[in-house]
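Each chain, written out:
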Amino acid sequence: MTASLVDIGANLTKPVFQADFDAVLARAAAAGVSAIVVTGTTLLGSHEACRLAQRRAHGTMSLFATAGVHPHYATTLSPQAISELQTLLARPEVVAVGECGLDYHRNLSPPDVQRRSFEAQLELAAAVRKPVFLHDRSATADFADILRRWRTRITGGVVHCFTGDRAALDAYLALDMHIGITGWICDSRRGSHLRDLVKLVPRGRLLVETDAPFLMPQDLPNPPPRRGKFDRNEPAFVAHVARVVAEHRGESFEDQALRRPVGSRGGLAAGGGAACAVRPRVKPRGQEARRASA
Ligand SMILES: [Zn+2]
């Protein structure tokens, strides 16, 4: 294995990973993944993500966590929740605030509550001086407006699971955000526009992630057997996402995405972004990518 990958977003606190958690990590390590950022989407989930990250911080796989409240659950962000998130964010293994942002696609919380929750978490990010892990679905105008107002106060962030159009990409890049690409790019029906857009993301601004257990890459060469009705994605498959991204950027596997570690602790935390996707230990270039794109 020639590269050291970071899956910057995996929902490993989901019950679907409970039975074979260690095997999931082992498969990720075998695929070249050296670190995973476990996404916190609720207060409880953020505590759990932090617990996983503490347990594994010194094992073979480095686990990190985010702490925040997803826009779906914006109504749950009480002052007490903010103070608990702030305590979690004081820990070194909790590397970003989020996931937070806006989701007008499903509006599971009312839009005005989502906007307040988003701003409260940007304020938190400014206070703790950690980057933000962001979610925007069907809300780009409001999302970019709010982020623009806070931009000078926060250290940086990643718009995770980017699925938007050229205008959205331009808006995020103008705000000096990192762009997180998932297996959405592998979906020939919904994600084909991303194959051109990834070419426009500057080096050092592109991150890869699985968003596991969701968003199983549709074109995985040897997909695992389905688990009932559910096609469970897992961090090992971030290597496939990285290869597909590399292929469409005309780069080698090792070359693609971010290779400049940001901050400390395995290239995660602090500075301009939430994490780095590929840290090359690297030697031979090309061979892996050629094999992958064959
Ligand atoms: Zn999301």
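Residues numbered from 1 in each chain as written. Predicted model: local features only at pLDDT ≥ 70, side-chain atom pairs only at ≥ 80, totals over all residues.

As for the overall build of the protein chain
Step number 1: Looking only at helices and strands, one finds nine helices and nine strands in the protein chain.
Step number 2: Within the protein chain, the fraction of its 294 residues that count as buried is 51%.
Step number 3: Contacts in the protein chain between residues far apart in sequence, at least 24 positions, make up 74% of those at least 6 positions apart. (Helix = DSSP H or I, 4+ residues; strand = E, 2+ residues; numbered from the N terminus. Buried ≥ 20, exposed ≤ 12 C-beta atoms within 10 Å, placed from the backbone. Contact = placed C-beta atoms within 7 Å.)

Focus on the packing of helix 4 (residues 111-128) against helix 5 (residues 140-150)
Step number 1: In the contact formed by helix 4 and helix 5, the axes pass within 11 Å of each other and the chain directions differ by 30°. When the axes of helix 4 and helix 5 are compared, the pair comes out roughly parallel. Crossing hand, helix 4 versus helix 5: right-handed. Counted together, Arg115, Phe118, Glu119, Leu122 and Ala126 of helix 4 and Asp142, Ile146 and Trp150 of helix 5 form the full contact between these two elements.
Step number 2: Partitioning the contact of helix 4 with helix 5 into residue classes produces five nonpolar, no polar and three charged. (Axes fitted to C-alpha atoms, helices over the stretch in contact; angles between N-to-C directions. Parallel < 35°, antiparallel > 145°, perpendicular 65-115°, else oblique. Left-handed = near helix turned anticlockwise from the far one by under 90°. Nonpolar A, V, L, I, M, F, W, Y, C, P; charged D, E, K, R; others polar.)

Focus on the pairing of strand 2 (residues 33-38)
Step number 1: Counting buried residues along strand 2, six of its six residues qualify, which places the element largely inside the surrounding structure.
Step number 2: In terms of strand pairing, strand 2 meets strand 3 (residues 62-67) through four bridges, oriented parallel. Bridge pairing in strand 3 links valine 38 to alanine 65. (Pairing = 2+ DSSP bridges.)

Details of the nonpolar core
Step number 1: Residues Val38, Ala65, Ile179 and Ile181 are the most contacted members of the largest nonpolar core, which totals 78 residues.
Step number 2: A total of seven residues in this core trace back to one element, the largest contributor, which is helix 8 (residues 238-249).
Step number 3: Residues contacting isoleucine 179, with those up to four places away along its chain left out, are Val159, Phe162, Leu169, Tyr172, Val201, Arg205, Leu206 and Leu207. (Core = buried A, V, L, I, M, F, W, Y, C linked by C-beta atoms within 7 Å.)

Focus on the pairing of strand 7 (residues 178-181)
Taken residue by residue, a regular strand's side chains alternate between the two faces of the sheet.
Step number 1: Burial along strand 7 is two-sided: His178 and Gly180 and Ile179 and Ile181, pointing in opposite directions, are all buried.
Step number 2: Where strand 6 (residues 157-159) meets strand 7, two bridges bridge the pair, whose relative direction is parallel. Bridge assignment links valine 159 to a residue of strand 7, and that residue is isoleucine 179.
Step number 3: Handedness of the crossover is the feature at issue here: the chain leaves strand 6, passes through helix 6 (residues 166-174), returns alongside strand 7, and the resulting connection is right-handed.
Step number 4: Pairing analysis gives three bridges linking strand 7 to strand 8 (residues 206-208), with the strands arranged parallel. Residue pairing for strand 8: isoleucine 179 is matched across the bridge by leucine 206. (Right-handed = clockwise from strand over helix to strand, strands pointing away.)

Notes on unusual backbone geometry
Step number 1: A cis amide bond, omega 15°, links glycine 98 with the succeeding residue glutamate 99.
Step number 2: Relative to the helices and strands, glutamate 99 is located in strand 4 (residues 94-103).
Step number 3: Look at asparagine 107: it is not a glycine, yet its phi comes out positive at around 45°.
Step number 4: Non-glycine residue aspartate 176 carries a positive phi angle of around 60°.
Step number 5: Mapped onto the secondary structure, aspartate 176 falls in the loop between helix 6 and strand 7.

Structural notes on the environment of alanine 30
Step number 1: Looking at where alanine 30 falls in the secondary structure, it is placed in helix 1 (residues 21-30).
Step number 2: For alanine 30, a count of 11 C-beta atoms within 10 Å gives the class exposed.
Step number 3: A C-alpha to C-alpha distance of 7.7 Å links alanine 30 and alanine 236, two positions 206 residues apart in sequence.

Digging into the environment of aspartate 7
Step number 1: Relative to the elements of secondary structure, aspartate 7 occurs in strand 1 (residues 3-10).
Step number 2: Given 31 C-beta atoms within 10 Å, aspartate 7 falls into the buried group.
Step number 3: Taking the C-alpha atoms as reference points, aspartate 7 and alanine 239, 232 residues apart in sequence, are found 8.7 Å from one another.
Step number 4: For aspartate 7, the contacting residues outside a window of four places in its chain are Val33, Ile36, Val37, Glu209, Thr210, Pro235 and Val238.

Focus: the environment of cysteine 186
Step number 1: With respect to the helices and strands, cysteine 186 occurs in the loop between strand 7 and helix 7 (193-197).
Step number 2: Owing to 24 C-beta atoms within 10 Å, cysteine 186 belongs among the buried residues under this scheme.
Step number 3: Here the alpha-carbon distance between cysteine 186 and valine 241, two residues 55 residues apart in the chain, equals 7.4 Å.
Step number 4: Ignoring anything within four residues of it in the chain, the contact list for cysteine 186 reads Gly191, Pro217, Gln218, Asp219 and Val244.

Section: the packing of helix 2 (residues 43-56) against helix 3 (residues 79-89)
Step number 1: Two elements in contact, helix 2 and helix 3, have axes separated by 10 Å at closest approach and are oriented at 15°. Accordingly, the angle class assigned to the pair helix 2 and helix 3 is roughly parallel. Relative to helix 3, the crossing made by helix 2 is left-handed. Residues Leu43, Ser46, His47 and Cys50 of helix 2 pack against Ala81, Glu84, Leu85 and Leu88 of helix 3.

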